[in-house]
Structures are given as C-alpha cells and as structure tokens.
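In case you want the letters, here they are:
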Amino acid sequence: MRFRHPDGTTVHLAYCTNVHPAETLDGVLAQLRDHCEPVRRRLGRDRLGIGLWLAKDAAHSLDTDPAALRRLRTTLDRHGLEVVTLNGFPYQGFGAEQVKYRVYKPDWGDRERLDHTTALARVLAALLPDDVTEGSVSTLPLGWRTTWDDARAKTAHTALLTLAERLDALAELTGRSVRVGLEPEPGCTVETTRDALAPLTAVGHPRIGVCVDTCHLATSFEDPHTALDALAAAGVPVVKSQLSAALHAEHPRRPDVRAALAAFDEPRFLHQTRTRTAAGLHGTDDLGAALAGGALPDSSPWRAHFHVPLHAAPAAPLTSTLPVLHAALARLVGGPHPLTGHLEVETYTWQALPPELRPRARAQLADGIAAELALARDLLTDLGLKELP
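An account of the accompanying structure is given in this report. (Residues numbered from 1 in each chain as written. Predicted model: local features only at pLDDT ≥ 70, side-chain atom pairs only at ≥ 80, totals over all residues. Heavy atoms only, no water.)

## Focus: helix H6 (residues 193-203)
An α-helical turn contains 3.6 residues, so any two residues separated by three or four positions project in the same direction.
For step 1, the next point in the chain: Where H6 is concerned, the buried positions are Thr193, Ala196, Leu200 and Val203. Down the axis of H6, the buried side of the element spans an arc of 60°, and every buried residue falls inside it. The exposed set on the far side of H6, more than 90 degrees from its buried face, consists of Arg194 and Ala198.
For step 2, the next point in the chain: Where the residues of H6 are buried, they touch helix H5 (150-174), strand E6 (177-182), strand E7 (208-213), helix H7 (214-219) and helix H8 (224-234).
For step 3, the next point in the chain: Count one or two residues on from H6 and you reach Gly204, which has phi positive near 60°. (Buried < 20%, exposed > 50% of the residue type's maximum accessible area, 1.4 Å probe, protein only. Helix = DSSP H or I, 4+ residues; strand = E, 2+ residues; numbered from the N terminus. Arc of directions from axis to C-beta. Contact = heavy atoms within 4.5 Å.)

## Focus on the nonpolar core
Across soluble globular proteins, nonpolar side chains show a tendency to be buried alongside one another.
For step 1, the next point in the chain: One finds Leu13, Tyr15, Leu52, Leu54, Leu72, Trp108 and Leu373 to be the most contacted residues of the largest nonpolar core, which totals 114 residues.
For step 2, the next point in the chain: If one sorts the elements of this core by residue count, helix H12 (residues 362-382) sits on top with 9 residues.
For step 3, the next point in the chain: Other than its neighbours up to four places away in sequence, Leu72 contacts Leu25, Val28, Leu29, Leu32, Leu52, Leu62 and Leu127.
For step 4, the next point in the chain: Within the second largest apolar cluster, 5 residues are counted, among which are Leu217, Ala218, Ala227 and Ala328. (Core = buried A, V, L, I, M, F, W, Y, C linked by side-chain atoms within 4.5 Å.)

## Concerning the layout of surface pockets
For step 1, the next point in the chain: In this structure, the largest pocket encloses a volume near 210 Å³.
For step 2, the next point in the chain: Thr192, Thr193, Arg194, Leu197, Ser220, Phe221, Glu222, Asp223, Thr226, Ala227, Ala230 and Arg276 are the residues that line the largest pocket.
For step 3, the next point in the chain: Counting residues per element, the ones that place at least two in the lining of the largest pocket are H6 and H8.
For step 4, the next point in the chain: Its residues assigned to classes, the lining of the largest pocket shows 4 nonpolar, 4 polar and 4 charged.
For step 5, the next point in the chain: Reported here for the second largest pocket is a volume of approximately 180 Å³.
For step 6, the next point in the chain: Taken together, the residues that form the lining of the second largest pocket break down as 4 nonpolar, 7 polar and 3 charged. (1 Å grid on protein atoms, 1.4 Å probe; cavity = no way out; pocket = protein on both sides within 12 Å on 5 of 7 lines; lining within 4 Å. Points joined across faces, edges and corners; volume = space filled by probe spheres on them. Nonpolar A, V, L, I, M, F, W, Y, C, P; charged D, E, K, R; others polar.)

## Notes on the environment of His5
For step 1, the next point in the chain: If you trace the backbone, His5 turns up in the loop between strand E1 (2-4) and strand E2 (10-16).
For step 2, the next point in the chain: On a C-alpha basis, the gap between His5 and Lys386 in space is 6.7 Å, while along the polypeptide they are 381 residues apart.
For step 3, the next point in the chain: If we ignore the near neighbours within four places in the chain, the residues touching His5 are Val11, Val333, Gly335, Pro336, His337, Pro338 and Leu385.
For step 4, the next point in the chain: Here Val333 takes part through its backbone oxygen, which lies 3.0 Å from a polar atom of the side chain of His5.
For step 5, the next point in the chain: At a separation of 3.0 Å, a polar atom in the side chain of His5 contacts the main-chain carbonyl oxygen of Gly335. (Polar contact = N/O pair within 3.5 Å; in protein donor to acceptor, adjacent residues only side chain to side chain.)

This is the structure in structure tokens:
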C-alpha cells in the first residue's frame with residue numbers, strides 16, 4: 001500500500017511474510033498465492049506491499065539463478081503484490097517448533113551474515129517495482145549479548161563497512177539504492193536505539209541505519225520521541241519501521257494478571273520481559289523466567305516481547321503497547337517530512353497466541369492480517385497522509 005505524505009514523499013506500507021515462513025522458493029511462491037493475495041483482496045486493493053522474509057536457501061536460489069528471480073517477480077505481478085523491503089533478521093528455521101535463541105545465529109561476527117545480507121540486497125534491487133528506486137532490509141542487532149565480545153564486535157564493524165561498500169557498488173550498477181537497518185531488540189548487543197548509536201556512527205554510512213520495531217521499543221520502555229530525536233541528532237537514518245505491539249501488564253503482582261501472562265508463555269519464540277523501576281530497567285530473557293518468581297520486580301508494569309495483533313489487544317487484565325506505536329508513527333511520518341518511507345506490519349506470532357486466540361483456518365489469518373493493515377492505514381490517513389491507488 002502506498003501513501004503520499006504532505007511533502008510529496010511516497011510512504012510504503014507492507015506486511016511481513018515471516019508470519020507464514022517458508023524455507024524454499026517454492027514455499028515462498030505458495031505463500032504469495034495462499035496468503036498474500038487473499039489479504040490484498042480483503043483490502044480491496046489492486047496492489048499490496050509485502051515485506052518478504054527469504055530464508056537462506058530461498059535467498060541463495062534467487063541470487064544465483066536469474067530464472068528463479070524472474071519466476072518470483074512474475075508471480076508477484078500475477079498476484080498484485082510488490083516488494084520494497086525484506087526482513088533479513090531470521091536466517092533459517094523460523095518455522096521450527098522451537099526458535100528461541102536460534103534466531104540470533106549467524107550473527108554479525110560470522111561471515112555467513114554478511115554474505116546472506118548481501119544476497120538479499122541484490123535480490124531486492126531486482127524485485128523493486130519499476131517506479132521505485134530505494135529498498136530496505138532489516139537485520140539482527142549485531143548479535144545476542146551473551147555470545148558477544150570485543151573480537152566479534154571488531155569483526156562486525158568490518159563486515160558492516162564491507163556491506164556499505166557492496167551497497168554502494170550495487171547502487172552504481174543498478175541505479176537502485178538498498179539500505180540495511182539494524183533492528184534493536186531486548187537481550188541483544190544492540191538492545192535499544194541508544195545502543196545503536198555508537199556502532200552505527202562508527203560505520204558512518206547513509207546506507208547503514210536502524211530498523212525501529214515499535215514492539216521492541218515499547219518492551220524496553222523507550223520513549224519514541226526521545227529515541228527518534230536521538231537518532232536524527234546523530235545522523236543515523238531510520239531505514240524502516242516495523243509496526244508491532246508488545247504485551248503490557250499494568251499490575252504484574254496480581255494473581256489474575258500472572259495467570260493471564262502465563263497463557264502467553266509458549267515454547268516457540270523468545271519473549272524477553274522488562275520492567276522499569278526507579279533503579280532502572282530490569283529484565284529476563286523469557287516470560288516464563290519472569291513468572292517463575294523473584295527474577296523481576298513486580299511493583300511496576302511489565303512488558304513482554306510478544307507481537308500481539310495490532311487491532312485486537314488481549315483481554316483484561318492485559319493490554320498492548322499500541323499507544324507507543326501511535327506515538328512512534330506520529331514522529332516517524334507525522335512531521336513536515338517523514339523519517340522513513342518504509343513501514344511494515346510484523347505480527348509473526350499468530351500461531352503462538354493462546355489457543356483460543358489463534359486463527360483456526362487460513363481465511364481467519366487473512367482476516368486478521370487485513371484488519372491490522374486497515375488499522376495502520378487509518379493511522380496514516382489520520383496523520384494527513386493520502387492513500388494512493
């Protein structure tokens with residue numbers, strides 16, 4: 001979906017396909033037919049933007065086989081879909097029964113991460129619509145904190161410099177600029193936007209910036225205006241923003257609240273949990289650890305890294321951090337000039353929701369994704385953007 005900002009800039013809104021992950025090109029093509037086109041039809045759109053997640057094998061196939069790339073582009077056109085952004089965070093296995101810490105490997109201390117991200121950039125440059133000259137790729141925030149050390153940090157810095165050189169060469173060759181954004185996430189080396197400032201200013205390249213995920217922003221109790229103003233002051237570009245909401249518990253000490261939270265403690269994804277007290281930010285790596293007792297202060301609200309559907313906050317006594325998304329979006333695109341032109345709804349946890357909240361059929365999932373996009377569309381038009389055909 002495309003929108004015109006009052007300054008004339010085009011702002012793209014997509015939804016991320018990691019919600020129905022596929023490891024191979026054939027799986028990706030089936031996604032487009034079985035999931036993405038039905039969402040487009042529900043929204044009454046002739047064209048719908050999607051943020052493709054391409055696993056290692058699918059990306060390699062597209063990067064090395066021109067026929068495969070033509071096949072994907074033809075299929076996108078046939079189903080009324082377009083791609084301006086890729087999710088390059090998960091490397092492979094995002095559909096596994098247990099993902100947890102595996103999603104952070106390989107990290108930016110490993111050569112595979114540089115090569116994979118380079119392949120994604122080349123593929124995206126070839127997939128961009130004919131009238132679009134800029135694409136974006138989100139990637140993990142360097143690595144998970146407990147496996148990070150000075151040697152890996154040095155390797156990552158060199159890798160990002162190499163990536164910047166490759167992106168420059170790609171732009172010169174194709175006339176299309178692809179930018180890559182580190183996506184701050186709780187528990188990682190770059191947990192917050194503040195943490196992103198040092199490594200990104202050290203790289204100092206306009207094609208290497210930040211992907212602001214509003215669920216992660218909220219989970220770490222970052223104020224959107226403060227965070228985004230600091231990035232702007234440091235000259236760090238917001239390459240894209242993922243529109244998502246975290247799980248919020250106002251009174252985690254209460255037994256009914258803890259019981260409600262326990263329903264979201266599931267085995268597939270990591271749900272880092274945070275609280276902020278007068279002494280600062282406290283956290284656990286997963287929701288279950290927070291609920292086990294004593295690991296996390298419970299006199300202040302908790303937030304958990306669980307992407308809940310934008311249009312459907314959980315039932316009381318829980319809620320979501322949708323107000324943080326509102327505030328972030330107002331700062332991102334509500335000013336005289338947008339800070340980014342790429343927005344992506346990213347609720348990948350539909351099948352990890354408590355059983356009574358999960359979609360039971362493909363059609364229900366399409367209904368839910370369409371409802372999320374409709375909410376995001378309404379937020380953008382309320383900010384003065386005009387939806388384009």
